[in-house]
Amino acid sequence: MAQEEPAKSALHNKLVVRNIGLLLSGDLDNPILDADTVISVGDHITAVGKEKDLDTAGAAVTIDARGTALAPGLIDSHVHPVCGDWTPRQNQLGWIDSYLHGGVTTMVSAGEVHTPGRPKDVVGLKAMAIFAQRAFHAFRPGGVKIHAGAPVIEHGMVEDDFKELAAAGVKILGEVGLGSVKDGKTARQMVSWARKYGIQSTIHTGGPSIPGSSLIDKDMVLETDADIIGHVNGGHTALPDDQITALCERSTRALEIVHNGNERAALLALRTAMELKQLHRVILGTDSPAGSGVQPLGMVRMIALLSSLGEISAEVAICLATGNTAKMRNLDCGLIAPGREASFVLMDKAQHSAGRNLLDSIQKGDLPGIGMVIIDGAVSAHRSRNTPPATTAPEIVKP
Ligand SMILES: [Zn+2]
């Protein structure tokens, strides 16, 4: 009798998404799959293929995609959360839930730097990082996963601090350069201590974002050698063109392009990465909330910007916001493949777009209409309240 229980609960969690018209994998090497059905059990994908070849029986929930597109849930590689679903930067509530309606299922903190009264002493910054990691692990507005607890390095930190942070569950550093450490030598030392204990690092790139932050030029970025070159297109003020191309050419680290950066510099970084045949290094984020506000549609706007003006196809642009980021940041999501997290965004071309279909509409610069968002195998949002309406939206046919 005891043996039946796991099987029953697995069946209870089985999700079938069928009648998918376009399956976008998130994988740069193979962005479109020849498949029409995705099955998940619990929070992971168990099968991807043609419906006729798959076992769709016994699903707890079946979704008819009605010929629309399915892609991995979008990953915002650069957010600045504070606490709960509130940002003091623009004093706004519910911003994370709004991003869910922009197709975002995962966020990575680049530092909880907008926290009023943010502690800058070593004990205080460690405590805040551990608090943020715990709090956002437990609190998921709309189901969105927020990888937070990203301390900003300050002078006075020693190797044991990074060891202690890692042991406490901290996995990422906030943007290097937003604290008191402004020289490459010290930053490089701290980033390498972080790396030694499995903590990934990001560096601020370009001019100051807001009063109180400062310029980080290419020499400091190269010397620090953080894992992610944060907003290589500036946040918002970009470095001169020759410095951006130098970062693409002389580093092997991830090249993060953000919504709240310089759009012309974004296109330059993208073009340079393509010329170097290193598109796999390009990842996308919003760098929000920030001075320019909250952008629930920031990720889909980046996809439309880069594919309409940047000479990459829409399916490739979507990989930069999903599979590329997952690979660069060691996340379990971002790809449609068995064993990966069952987090999806279902999209169609927006009503009255001039595009022939979803991909053509994005390449023409229109935003996709989001019809449904699924996180960990459960429907988190139906037709988006924020995107232009999808021409066709999926529907739950069972239960
Ligand atoms: Zn920054």
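Residues numbered from 1 in each chain as written. Predicted model: local features only at pLDDT ≥ 70, side-chain atom pairs only at ≥ 80, totals over all residues. Heavy atoms only, no water.

On to helix H9 (residues 298-309). Along its 12 residues, H9 runs 16 Å from first to last C-alpha, staying within 8% of the 16 Å computed at 1.5 Å per residue. Most of H9 is tucked away: 9 of the 12 residues are buried. Here H9 has its buried residues at Gly298, Met299, Val300, Met302, Ile303, Ala304, Leu305, Leu306 and Ser307. (Helix = DSSP H or I, 4+ residues; strand = E, 2+ residues; numbered from the N terminus. Expected span 1.5 Å × (residues − 1). Buried < 20%, exposed > 50% of the residue type's maximum accessible area, 1.4 Å probe, protein only.)

Applying the stated rule across the entire model yields 0 disulfides. The thiol sulfur of Cys248 is not disulfide-bonded, and the nearest other cysteine sulfur, from Cys319, lies at 19 Å. The class for Cys248 is buried, based on a relative accessible area of 1%. You can call Cys319 buried: its relative accessible area is 0%. (Disulfide = S-S within 2.5 Å.)

Moving on, we come to the coordination of the zinc ion. Six octahedral donors at a metal ideally form angles of 90 or 180 degrees, and four tetrahedral donors ideally form angles of 109.5 degrees. At the metal site, the zinc ion is ligated by Glu175 (OE), His204 (ND1) and His231 (NE2), and these contacts range over 1.8 to 2.3 Å. Donor residues binding the zinc ion come from one chain and are separated in sequence as E-x28-H-x26-H. Within this pair, whereas Glu175 is found in the loop between helix H4 (159-167) and helix H5 (184-196), its partner His204 is found in the loop between strand E13 (202-203) and helix H6 (218-224), the two being separated by 29 residues in sequence. (Donors = N, O, S within 2.8 Å, 3.2 Å for Na, K, Ca; no water.)

This part covers the packing of helix H7 (residues 241-250) against helix H8 (residues 263-275). Pairs of packed helices are described in terms of their axes, by the angle between the two and the distance that separates them. Orientation of H7 relative to H8, taken along the N-to-C sense of each, is 35°, at an axis distance of 9 Å. As for how H7 packs across H8, the hand of that crossing is right-handed. On H8, the residues touching Asp241, Ile244, Thr245 and Cys248 of H7 are Arg264, Ala265, Leu268, Ala269 and Thr272. Counted by class, the contact of H7 with H8 contains 5 nonpolar, 2 polar and 2 charged residues. (Axes fitted to C-alpha atoms, helices over the stretch in contact; angles between N-to-C directions. Left-handed = near helix turned anticlockwise from the far one by under 90°. Contact = heavy atoms within 4.5 Å. Nonpolar A, V, L, I, M, F, W, Y, C, P; charged D, E, K, R; others polar.)

One open sheet accounts for 6 strands, arranged E3-E2-E7-E17-E18-E19; its pairing is mixed. Only two strands of the sheet have a single neighbouring strand rather than two, namely strand E3 (32-33) and strand E19 (378-381). Both strand E18 (residues 368-375) and E19 contribute to a ladder of 3 bridges, which runs antiparallel. Residue Val373 lies in a different strand from E19, and its bridge partner there is Ala381. (Pairing = 2+ DSSP bridges.)

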